[in-house]
Amino acid sequence: MSHTKIKTIFIGTSDFGIPALRVLLKDKQFEIIAVITQPDKPTGRKQILTPPPIKAEAEKYQIPVFQPGRINNLKSQIANLKSQIIIIAAYAQIIPEEILNLPKYGCINIHGSLLPKYRGAACVQAAILNNDKQTGITIIKMDKGLDTGPILWQDKINIESGDTAGALYEKLSLLGAKILPVAIKKYIAGEIKPIPQNNAKASYVKRLKKQDGLIDWAKSAVEIERFIRAMAPWPSAYTITKNKKQKTKNSLMLKLLESEHEILQINKNKYKIGEIFLYNNKLAVQCGKDALIIKKLQLEGKKEMKSEDFIKGNNWIIGSILK
RNA sequence: CGCGGGGUAGAGCAGUUGGCAGCUCGCCAGGCCCAUAACCUGGAGGCCGUGGGUUCAAAUCCCACCCCCGCAA
């Protein structure tokens, strides 16, 4: 390992990359010469122009920040920086091949799944949805494909039974920060050789949309419980219910935030699929198989609340059918 | 000026042709019962988000502001 610092550019947008960025900033073997992130965007209810989390972090350390609308436009400047390596974590833009080839050691990506499984954006959610017992972080050397580059390092993490996508995302973010410097150093020292991914085992998960959170009550309670965790905190699992005041509104969106499945010994003909009923004073919904006990929910325009509290003022909902 | 919902008892909600502030749950006391988280009776608990205005009279109508939330991003 040389005594000079590794000149590094960090590219990322969401807070997923923040722990990794911090670790690199503290590590004396790295010198972050620039951070590239998405442009500030209007966000929140007032549409206030807000910088991406990574930018806010970089500015604390007076690191130069670039925010190109398209990273391709920044090609020459990246070349001028003469970085030896580029780290990418959740940037939300495709990096063109010409840029990938600029740094001596190439571009390194932190990905939140055990590649080649779950290439793409919704990798964390996919692991929960598919009932995986483990997921992890894969450090790859990027090539022109989407998350297809050869693997430098991989580390696993257990998925706990109550893990939401949000919780898992955070754990993975920390895991990524832990293994990233190790992987890079070993790679630069020539101690590890990138291993090509087995494309035959690859799967791809596309970015989620709000609409993907719609619950299908015909599925089993076990599946829906998992679905709710996978959609939390975003896009969040939701269902549609008729409003009590049907004259003014047709329907309301009901977000389900936390639940537990329970195998109920009830007559199959007692409740219809999607029907809401009380079970031990708790809110329950009949699913295709078994029933789901709802613990926490949120009505459109309201704060999230425990289902017991919700019932106190909304018992009209009992007996209605969710679709 | 991005669109929209909301602030009423500890919690969740009703209550707009202005007219004594209600419901469910919880809480307190008593009763019933072998017993109870069940049931009955009684009770406490409110600046109706804030400040103005209209009115004999405002939770309700008008104006301004604060706070919370959904969509969107």
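Think of each chain on its own: its residues are numbered from 1, step by step along the sequence as written. Chains and ligands are labelled sequentially in the order written, the chains with letters from A and the ligands with numbers from 1. In keeping with the model being predicted, local features are shown solely for residues with a pLDDT of at least 70 and side-chain atom pairs are shown and tallied solely at 80 or more, while totals for entire chains, interfaces and linings include all residues. The basis for the side-chain values is all heavy atoms of the structure; hydrogens and waters are excluded.

Chemist: For this particular structure, what's the right way to read the sheet that holds strand β2 (residues 30-36)?
Modeler: Strand pairing in a sheet is mediated by backbone hydrogen bonds. Such pairs are either parallel or antiparallel. In this scheme, strands are said to pair when DSSP sees at least two bridges between them. Helix and strand assignments come from DSSP, with helices taken as H or I runs of at least 4 residues and strands as E runs of at least 2, each series counted from the N terminus. A sheet is described by the order of its strands in space; here seven strands give the open sequence β5-β2-β1-β6-β7-β9-β10, paired in mixed fashion. Looking at strand neighbours, the two that pair on one side only are β5 (65-66) and β10 (151-158), the edges of this open sheet. Note that strand β1 (residues 6-12) and β2 share six bridges and pair parallel. Its bridge partner lying in β2, Thr8 is registered against Ile32. Contacting β1, β2, β6 (85-89) and β7 (107-111), helix α1 (residues 18-26) runs over the sheet at an angle of about 140° to β2. Every residue pair with non-hydrogen atoms within 4.5 Å of one another is taken to be in contact. Here, axes are lines fitted to C-alpha atoms. For helices the fit covers the stretch in contact, and angles between N-to-C directions go from 0 to 180 degrees. Across the sheet, helix α6 (residues 165-188) lies against β1, β2, β6, β7, β9 (134-141) and β10, angled at about 35° from β9, the strand it touches most.

Chemist: Any chance you could explain helix α2 (residues 53-60) here in plain terms?
Modeler: Residues spaced three or four apart along an α-helix face the same direction, because each turn holds 3.6 residues. Turning to α2, its buried residues number three or more, namely Ile54, Lys55, Glu57 and Ala58. Buried residues of α2, viewed axially, fall in a sector of 165°; they line one side. Here the buried face of α2 lies against β1, α1, β2 and β5. Remark: exposure states derive from per-residue accessible area (1.4 Å probe, protein chains only) relative to the maximum for the residue type, with buried under 20%, exposed over 50%, and partly exposed in between. Here, the arc refers to the directions that run from the helix axis to the C-beta atoms.

Chemist: I keep staring at the state of the cysteines and nothing clicks. Help me out?
Modeler: Two cysteines whose sulfur atoms are joined by a covalent bond form what is called a disulfide. Sulfur atoms of two cysteines make up a disulfide when they are within 2.5 Å. All told, the structure shown has zero disulfides when counted by the stated rule. We note that Cys123 lacks a disulfide partner, and the nearest cysteine sulfur, in Cys107, lies 19 Å from it.

Chemist: Which parts of the structure should I look at to understand the packing of α1 against α2?
Modeler: The geometry of a pair of packed helices is captured by two quantities: the angle between their axes and the separation between those axes. Look at α1 against α2: their axes get within 10 Å of each other, and the N-to-C directions meet at 20°. As judged from the angle between their axes, α1 and α2 are roughly parallel. The way α1 lies across α2 gives a crossing that is right-handed. Side by side, α1 and α2 meet where Ile18, Leu21 and Arg22 of the first sit next to Pro53, Ile54, Glu57 and Lys60 of the second. When residue character is reported, Ala, Val, Leu, Ile, Met, Phe, Trp, Tyr, Cys and Pro are called nonpolar, Asp, Glu, Lys and Arg charged, and the others, Gly included, polar. The residue inventory of the contact of α1 with α2, partitioned by class, reads four nonpolar, no polar and three charged. An angle below 35 degrees is read as roughly parallel, one above 145 as roughly antiparallel, one from 65 to 115 as roughly perpendicular, and any other as oblique. Note on convention: the crossing is left-handed when the near helix lies turned anticlockwise from the far helix by less than a right angle, right-handed when the turn is clockwise.

Chemist: Explanation requested: helix α7 (residues 221-231) in the structure shown.
Modeler: With nine of eleven residues buried, α7 lies mostly within the body of the structure. Of all the positions in α7, only Ala221, Ile224, Glu225, Arg226, Phe227, Ile228, Arg229, Ala230 and Met231 are classed as buried.

Chemist: Mind showing me how you'd approach the packing of aromatic side chains here?
Modeler: For any two aromatic rings, the description comes down to two numbers: the centre-to-centre distance and the angle of the planes. Working definition: a ring pair exists when centres of Phe, Tyr or Trp rings (six-membered ring for Trp) sit within 6.5 Å. Plane angles under 30 degrees give stacked, over 60 give edge-to-face, the rest tilted. Inspection of every chain in the model, using the stated rule, returns two aromatic pairs. Between Phe16 and Tyr169, the aromatic rings sit 5.1 Å apart at their centres with planes inclined by 50°, giving tilted as the arrangement. Pair noted here: Phe16 is in the loop between β1 and α1 and Tyr169 is in helix α6, with a separation of 153 residues, a long-range link. Relative to Phe277, the ring of Tyr271 lies with its centre 3.8 Å away and its plane at 10°, an arrangement referred to as stacked.

Chemist: Any chance you could explain the protein's contact with RNA strand B here in plain terms?
Modeler: Taken together, 19 residues form the shell around RNA strand B, and within it Thr43, Arg45, Lys210, Lys303 and Asp309 come nearest. Across the atoms of RNA strand B situated within 4 Å of the protein, the share located in sugar and phosphate is 53%. A distance of 2.4 Å separates a phosphate oxygen of RNA strand B from a polar atom in the side chain of Lys210. For this analysis, a polar contact is any N or O atom pair within 3.5 Å, provided that within protein one partner can donate a hydrogen and the other can accept it, and provided that sequence-adjacent residues contribute only side-chain to side-chain pairs. Residue Lys302 places a main-chain N or O atom 2.8 Å away from a sugar or linking oxygen belonging to RNA strand B. Tallying contributions element by element places helix α8 (residues 307-313) first for the surface near RNA strand B, with four residues. Here the residues of the surface near RNA strand B are counted per class, giving four nonpolar, seven polar and eight charged. For this description, a residue counts as near a given molecule or strand if any of its non-hydrogen atoms is within 4 Å of it.

Chemist: Please clarify how the packing of α1 against α6 should be interpreted in this entry.
Modeler: Relative orientation of the contacting elements α1 and α6 amounts to 30°, with a least axis distance of 7 Å. The orientation of α1 with respect to α6, classified from their angle, is roughly parallel. You can see that α1 and α6 cross each other, and the crossing is right-handed. Contact residues: α1 offers Pro19, Ala20, Val23 and Leu24, while α6 offers Ser173, Leu174, Ala177, Leu180 and Pro181. Of the residues assigned to the contact of α1 with α6, the class counts are eight nonpolar, one polar and no charged.

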